[in-house]
2 protein chains.
Amino acid sequence: MQSLVELYHIETRQPSLGDNTGDLDRLKKALSGSLRGRNPLVPFARIAPVAEAFRQAGFKGHALVIHFPEGPQLVDFFAQAPEILVGMALDLGTTHLEASLVDFLNGRVLARGTVENGQLEFGADILARIHFAATKVGKQTGLGLLHERVMDSIHALTVDLAERVRLKPSQIMALCVSGNTTMTHFFLRQNPYHLCREPYIPVVNAPDPFSAAELGLDLHPAAVVLVMPSIGSYFGGDLISGIIASDLDRQEETCMLIDVGTNAEVVVGSRDWLIACAGAAGPALEGGVARMGMRAGPGAIEHCTIDPESGEIEYRTIGEAPPRGICGSGVIDLVAGLYLARIIDIRGKFRPRQPQAKDRLVEQGDGLAYIVVPAEKTDRGEAILLSQIDIDALMRSKAAMYSILATITNQVGVSFEELHQIYVAGAFGKHISPRQAIVLGMLPDLPLEVYKPLGNSSLAGAELMLTDASARERCRKVVAKVTYVELNVNQEFMLRFSGSRFIPHTDKTLFPSVPFHGDS
Amino acid sequence: MQSLVELYHIETRQPSLGDNTGDLDRLKKALSGSLRGRNPLVPFARIAPVAEAFRQAGFKGHALVIHFPEGPQLVDFFAQAPEILVGMALDLGTTHLEASLVDFLNGRVLARGTVENGQLEFGADILARIHFAATKVGKQTGLGLLHERVMDSIHALTVDLAERVRLKPSQIMALCVSGNTTMTHFFLRQNPYHLCREPYIPVVNAPDPFSAAELGLDLHPAAVVLVMPSIGSYFGGDLISGIIASDLDRQEETCMLIDVGTNAEVVVGSRDWLIACAGAAGPALEGGVARMGMRAGPGAIEHCTIDPESGEIEYRTIGEAPPRGICGSGVIDLVAGLYLARIIDIRGKFRPRQPQAKDRLVEQGDGLAYIVVPAEKTDRGEAILLSQIDIDALMRSKAAMYSILATITNQVGVSFEELHQIYVAGAFGKHISPRQAIVLGMLPDLPLEVYKPLGNSSLAGAELMLTDASARERCRKVVAKVTYVELNVNQEFMLRFSGSRFIPHTDKTLFPSVPFHGDS
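Within each chain, residue numbers correspond to sequence positions counted from 1 in written order. Chains and ligands are labelled by the order in which they are written, letters from A for the one and numbers from 1 for the other. Local features in a predicted model are, by the rule used here, given only for residues with pLDDT of at least 70; side-chain atom pairs are given and counted only at 80 or more, and totals for whole chains, interfaces and linings are based on all residues. Just so you know, side-chain values use all the structure's heavy atoms and leave hydrogens and water out.

Attention shifts here to the overall build of chain A. Counting from the N terminus, the helices are the DSSP runs of H or I reaching at least four residues and the strands are the DSSP runs of E reaching at least two. Within chain A, the secondary structure is distributed over 14 helices and 23 strands. For 520 residues, the compact-globule formula gives about 24 Å, and the C-alpha radius of gyration of chain A, at 26 Å, lands near that figure. Its C-alpha atoms put chain A at 100 × 50 × 45 Å along the principal axes. Buried positions account for 60% of the 520 residues belonging to chain A. Of the contacts formed within chain A by residues at least 6 apart in sequence, a portion of 66% connects residues at least 24 apart. Shrake-Rupley sampling with a 1.4 Å probe provides the accessible areas, and residues are treated as covered by the protein chains on show and by no other component. With the model as given, the accessible surface of chain A reaches about 20500 Å², and the carbon-plus-sulfur share is 49%. A distance of 3 Å separates the average location of the 48 positive side-chain charges in chain A from that of its 59 negative side-chain charges. The globule rule used for comparison is 2.2 Å times the number of residues to the exponent 0.38, while the radius of gyration itself is calculated over C-alpha atoms. Remark: exposure states derive from per-residue accessible area (1.4 Å probe, protein chains only) relative to the maximum for the residue type, with buried under 20%, exposed over 50%, and partly exposed in between. Whether two residues are in contact is decided by their heavy atoms: any pair within 4.5 Å suffices. In this tally, Asp and Glu contribute negative charge and Lys and Arg positive charge; neither His nor the terminal groups of the chain are included. A single reference atom marks each charge: NZ on Lys, CZ on Arg, CG on Asp, CD on Glu.

Take a look at the structure:
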């Protein structure tokens, strides 16, 4: 497997009167032998440094080659082979950026880190930022500012990761960026105006590779920048990453990939075909649902159970830290538990007179709320609450989720039971209990082993692009193969959505394993 | 014949919900059809302007493609096809730059111009400039200054030519540069240090194409910059230009190409083989020989005759302007005339008592001088003189020239008589009378029709690179084919040089058509 960046050992004859070709020409010719006759290209800005380094090294050493799809590029030369040779994979999320450094010499991940997306001050969600992009702020455009902020965040993350492996950012030889289409536009400084306006047209889905210097990234100036291609405004490179990271495009049997963020994106298929759709799932599943909602991080309640008889609640926080809030998986467990203990009904409404509710239901200005953790037991001395409004939001999200899954499978004529595997991407996939999601009617009632968490598959796909030069061609094939179904204008989806706004569903035969409390 | 830059008419469907790919992806896909399936690459900086222009034009119009050898690049888009589409060919001479604008739509040359090389203030010759390059001037390096100056000269020439065809420099889509190896290094801002030091190694002979923006040239930012490849320190891209402009590499019979500047560069060969050499010819033939010497320009005496009986001199100036000096061809005519009238002997020394000398020989501080034009008849009221020192310099130049030609032909076992054609490049070839050069023993005694002036073949070769995309491959083959003979360390050359320091030669059988005045 050829990696994106490789070292080639070179040893040439010393220049002499009888062999007096140019330094760079000598190096290129020698390298061409190692590249099976392919002629490496040297970018203009690299002529002087590469030729100089080659001469200084005594005309032997290690040539650094980046394997662009258009052909190999010779961009640096070392007298001594470096001990590590790194590229950076970057998941460009709307709220957080996550990155890793991968060693090209052995494919290992050397460091991984996260930073908040600096664009948050200009809008929590994509839509707000697209609108902000069109404004003027002094002499700057909103787009310019958004671009600057994400570049700053990338820079901070780069410096952090590079320090951890004792490198300078200028020693990072490649960057592969995976993000949704809007984030990718901000990264590339492209106008996102049409992304949210019918017919939802990106400026570009599949930008060609370019060099770090062209965008002003603080990496090696000749570092190659790859961007995971997107398919449309609502189907970004992060999902293409998910497809290749899960091997969905290589499966013999039909499988499904679910990626849940503000949007729920779903792909169904196998090595023969791929069909995809996306729909607004609401912020409920990203931890934005509850006033006490938070991203999966230390102190977040990621799992909890409520005893159906006693109503006693038990919970577990990430890092076993004092509780600070609830993340998406915790909310799902909690609402499923409330339902099983009949503290909420099938519409998700509180039933204050239910004995299991005990004294945990309190009246707030805008309705009832359930005390998950009383004030004296939390990190900040403030009770962690789940309000009726929070539950309502989750009900919409879970209804959207199930409707998306039902619609897409119905469109391709595949039943849920025929799905060999369901890959669940992201923090959602990592923390969620599929069982509780099934209780809520969010995920189909299938054996639990069908569900497989993927972790950050957006990042994993970007890592794959670095370590396997053939991955780019694989992405190209995936993009060409995917059929995209637009749900925003889909009648079937809207009909299914209504039936899905109950726990687990109006059609209880769909969820045989879930107790139905419609009689109470 | 595919030209380097081409327009392609594109008409696509309007974006819709059912056909919602990205703007740039839509354009690239449509263009790929016109490019027989090849995928055009869009440089990073061109994503936004191209996508924007395509949308503004209503998704139809004319795509501008540059045919890089590595593949096509899409760099601009026009709603209306431009009436002219130009590239610039540039001969990067040591003393002058000459350039032309070529229309890609029909291959025609639209304008041509010349400007002095702004580097002259840092040294008249290549060697002085190489030494200057290594110095520091304030915070600047000499190399930096030399690069700046030549960039300034190119800019001045670009603005001048663009104005003449009513374009902005930013509308020029390509530049092909042809020059000697040192000038090419200055242009590329590469260190020329080793060019003049044994074993004479360039930093680079064949740089890959790059974009105007990478070097900061004031052309279209995505304009492609091609540099004619060189073979070594003393065999530059200007001569490769000469080879392809003269079709030397396509000849069935053996031919010769002579390019005379400060160095005399000679190539012998045919479509089957090419052998080349270069030798210092001295500045005599570039107009630098005489105190009154000048480049071929208005007022320069380009031809003259001396009546062998009366000693009367007649001359013709360029542009029939009042005489201001003598250019190389004038000096050759003059010295040949002096010899035929026996005013100089076979060693090139003045014979003051020869009647034809009349009162034209005057004693100067450093020896005798011949009055070519008396003061009252010149432009500046100063006599135009040819001194003994000037003649001595020419004698060395002509000896070097003949020795080079004799050595190279002897090395390949070809007699002068076997040469089907001798192409004489540059101003030298344009103005010289081969007959007078034969009299001097500078050129072999062959029928005059063998000699064929080429004009500025360095410029012509660069023009060819613009209008014929296959020319670059042709250059590559020429470079691979040429065998270079180093004369600076050649014993045979040194021996021949001694015999050639007489008029026409010590071996008079070599010049049967020239009267031999050795007896006088």
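Attention shifts here to the relation of the copies chain A and chain B. Copies are brought into register by a least-squares superposition over C-alpha atoms of residues with pLDDT of at least 70 in both. The operation relating chain A to chain B is a screw motion whose rotation component is 180°, with 0.0 Å of axial translation and a residual RMSD of 0.1 Å. Considering both components of the superposition, the chain copies are consistent with a two-fold axis. Residue Glu70 of chain A, judged by its C-alpha, is the member of chain A lying nearest the rotation axis, at 3.4 Å. Mapped onto chain B, 100% of the interface residues of chain A again fall at the interface, so both copies present the same surface.

Take the pairing of strand E11 (residues 224-227) of chain B next. All names here are of chain B. Burial along E11 is two-sided: Val224 and Leu226 facing one way and Val225 and Val227 facing the other are all buried. When strand E9 (residues 172-179) meets E11, the two strands line up parallel, connected through 4 bridges. By the bridge assignment for E11, Val177 is matched with Val227. The rule for pairing is simple: two strands pair if DSSP sees at least two bridges between them. In the sheet, strand E10 (residues 210-211) pairs with E11 via 2 bridges, with the strands oriented antiparallel. By the bridge assignment for E11, Phe210 is matched with Val225.

Now for the sheet that holds strand E12 (residues 255-260) of chain B. All names here are of chain B. The 6 strands are arranged E22-E21-E12-E13-E14-E23 in an open sheet whose pairing can be described as mixed. Two strands lie at the open edges of the sheet, namely strand E22 (451-455) and strand E23 (482-486), each paired on one side alone. Ignoring strand direction, the axes of neighbouring strands in this sheet form an average angle of 20°. Axis lines are fitted through C-alpha atoms, for helices just across the contact stretch, and the angle between N-to-C directions can take any value from 0 to 180 degrees. Sheet contacts for helix H13 (residues 471-481): strand E14 (274-280) and E23; angle to E23, the most-contacted strand, approximately 45°.

This paragraph deals with the confidence of the model for chain A. For chain A, per-residue confidence averages 92 on the pLDDT scale, and 97% of positions sit at 70 or higher. The complex model carries a pTM of 0.90, and its ipTM stands at 0.90. The pLDDT value expresses, per residue, how confident the predictor is, ranging between 0 and 100.

With 40 residues of chain A in contact, the opposing surface of chain B contributes 40 residues. Contact between chain A and chain B buries roughly 3400 Å² in total, counting both sides, with carbon and sulfur atoms accounting for 59%. The rule for a salt bridge is simple: a side-chain nitrogen of Lys or Arg has to be within 4 Å of a carboxyl oxygen of Asp or Glu. At the boundary of chain A and chain B, one finds 2 salt bridges. For the salt bridge of Asp208 of chain A with Lys28 of chain B, the shortest nitrogen-to-oxygen distance reads 2.8 Å. In protein, a polar contact means a hydrogen-donor-capable atom and an acceptor-capable atom, both N or O and within 3.5 Å, with residues adjacent in sequence counting only if both atoms are side-chain atoms; elsewhere, any N or O pair within 3.5 Å suffices. Between chain A and chain B we count 18 residue pairs in polar contact (both at pLDDT 80 or more) in total. Of all the secondary structure elements, the ones that give two or more residues to the side of chain A that touches chain B are helix H1 (23-34), helix H2 (47-56) and helix H6 (212-215) of chain A. Residues of the side of chain A that touches chain B, tallied by class, amount to 23 nonpolar, 7 polar and 10 charged. By buried area we mean how much accessible surface two parts lose on assembly, using a 1.4 Å probe and totalling the loss over both. Ten residues, namely Ala, Val, Leu, Ile, Met, Phe, Trp, Tyr, Cys and Pro, are considered nonpolar, four, namely Asp, Glu, Lys and Arg, are considered charged, and the remaining ones, Gly among them, are considered polar.

As a further point, take the pattern of salt bridges. Applying the stated rule across the entire model yields 34 salt bridges over all chains. Through salt bridges with shared partners, a single ionic network connects Asp247, Asp249, Arg250 and Arg474 of chain A.

What follows concerns the environment of Arg129 of chain B. Residue and element names in this part refer to chain B. Positionally, Arg129 belongs in helix H3 (residues 126-133). Residue Arg129 is classed as buried on the basis of its relative accessible area of 0%. With 207 residues separating them in the primary sequence, Arg129 and Ala336 have C-alpha atoms 34 Å apart. Not counting residues up to four positions away in its chain, the partners in contact with Arg129 are Thr94, Asn117, Gln119, Leu120, Phe122, Gly123, Ala124, Leu146, Met183 and Phe186. At a separation of 2.8 Å, a polar atom in the side chain of Arg129 contacts the main-chain carbonyl oxygen of Thr94.

Residues and elements named next belong to chain B. Helix span, expected: 1.5 Å multiplied by one less than the number of residues in the helix. When the terminal C-alpha atoms of helix H1 (residues 23-34) are compared, their 17 Å separation across 12 residues agrees well with the 16 Å that a helix rising 1.5 Å per residue should span. Residues of H1 that are buried include every one of Asp23, Leu24, Asp25, Arg26, Leu27, Lys28, Leu31 and Ser32, and no others. Looking at the buried residues of H1, the elements they touch are strand E1 (5-11), helix H2 (47-56), strand E2 (60-68) and strand E3 (71-78). Count one or two residues on from H1 and you reach Arg36, which has phi positive near 50°.

The end-to-end C-alpha distance of helix H4 (residues 142-164) of chain A is 33 Å, a good match for the 33 Å that 23 residues give at a rise of 1.5 Å each. Positive phi shows up at Arg166 of chain A, right after H4 of chain A, with a value of about 60°.

Centres within 6.5 Å are what make two rings of Phe, Tyr or Trp a pair, Trp counting through its six-membered ring; a difference in plane orientation under 30 degrees is then read as stacked, over 60 as edge-to-face, and the rest as tilted. In the structure shown here, the tally under the stated rule is 18 aromatic pairs over all chains. Judged by centre distance (5.2 Å) and plane angle (80°), the rings of Phe54 of chain B and Phe77 of chain B are edge-to-face. Note that Phe54 of chain B is positioned in helix H2 and Phe77 of chain B in strand E3, a separation of 23 residues in sequence. The residues Phe54 of chain B and Phe77 of chain B share a single accessibility class, namely buried. Aromatic ring contacts, followed pair by pair, group Phe54, Phe59 and Phe77 of chain A into a single cluster. Its end group placed over the ring of Tyr193 of chain A, Arg197 of chain A keeps NZ or CZ at 3.7 Å from the ring centre. Two conditions define a charge located above a ring, namely a distance within 6 Å from the ring centre to NZ of Lys or CZ of Arg, and an angle within 35 degrees of the ring normal.

Glancing now at the packing of H3 of chain B against helix H5 (residues 181-188) of chain B. All names here are of chain B. Running from N to C, H3 and H5 cross one another at 35°; their axes reach a closest spacing of 10 Å. Pair H3 / H5 crosses with left-handed handedness. Between H3 and H5, the contacting residues are Ile126, Arg129, Ile130 and Ala133 on the first element and Thr182, Met183 and Phe186 on the second. When its residues are assigned to classes, the contact of H3 with H5 shows 5 nonpolar, 1 polar and 1 charged. Crossings are classed by handedness, with left-handed meaning an anticlockwise turn of the near helix from the far one by less than a right angle and right-handed meaning a clockwise turn.

Before going further, it helps to examine the side chain of Thr467 of chain A. Looking at the secondary structure, you find Thr467 of chain A in helix H12 (residues 457-467). Contacts of Thr467 of chain A, omitting those with residues within four sequence positions, involve Met1, Gln2, Ser3, Val102 and Gly107 of chain A.

This part takes up the pairing of strand E15 (residues 300-306) of chain A. Residues and elements named next belong to chain A. The buried fraction of E15 is high, at 6 of 7 residues. Note that E15 and strand E17 (residues 325-326) share 2 bridges and pair parallel. Paired with Ala300 across the two strands is Gly325, which belongs to E17. Sheet topology places E15 next to strand E16 (residues 313-317); 5 bridges connect them, and they run antiparallel. Across the sheet, residue Thr305 finds its bridge partner in E16, namely Glu314. Counting the residues that bridge the hairpin from E15 to E16 gives 6 residues, and of these Gly311 lies at a positive phi of roughly 80°.

Residues and elements named next belong to chain B. Locating Glu265 in the fold gives a position in strand E13 (residues 263-269). For Glu265, a relative accessible area of 8% translates into the label buried. Once residues within four sequence positions are removed from consideration, Glu265 is found in contact with Tyr234, Asp238, Leu239, Leu257, Ile258, Asp259, Cys277 and Ala278.

This paragraph deals with the sheet that holds strand E21 (residues 422-425) of chain A. Residues and elements named next belong to chain A. The 6 strands are arranged E22-E21-E12-E13-E14-E23 in an open sheet whose pairing can be described as mixed. The open sheet terminates on both sides in strands that have one partner only, identified here as strand E22 (451-455) and strand E23 (482-486). With strand direction ignored, the average angle separating the axes of adjacent strands in the sheet is 20°. Of the pairings in the sheet, the one linking strand E14 (residues 274-280) to E23 comprises 5 bridges and is parallel in character. Across the sheet, the residue bridging to Cys277 is Val485, located in E23. Strand contacts of helix H7 (residues 237-246): strand E12 (255-260), strand E13 (263-269), E14, E21, E22 and E23, with the helix running at about 140° to E12, the strand carrying the most contacts.

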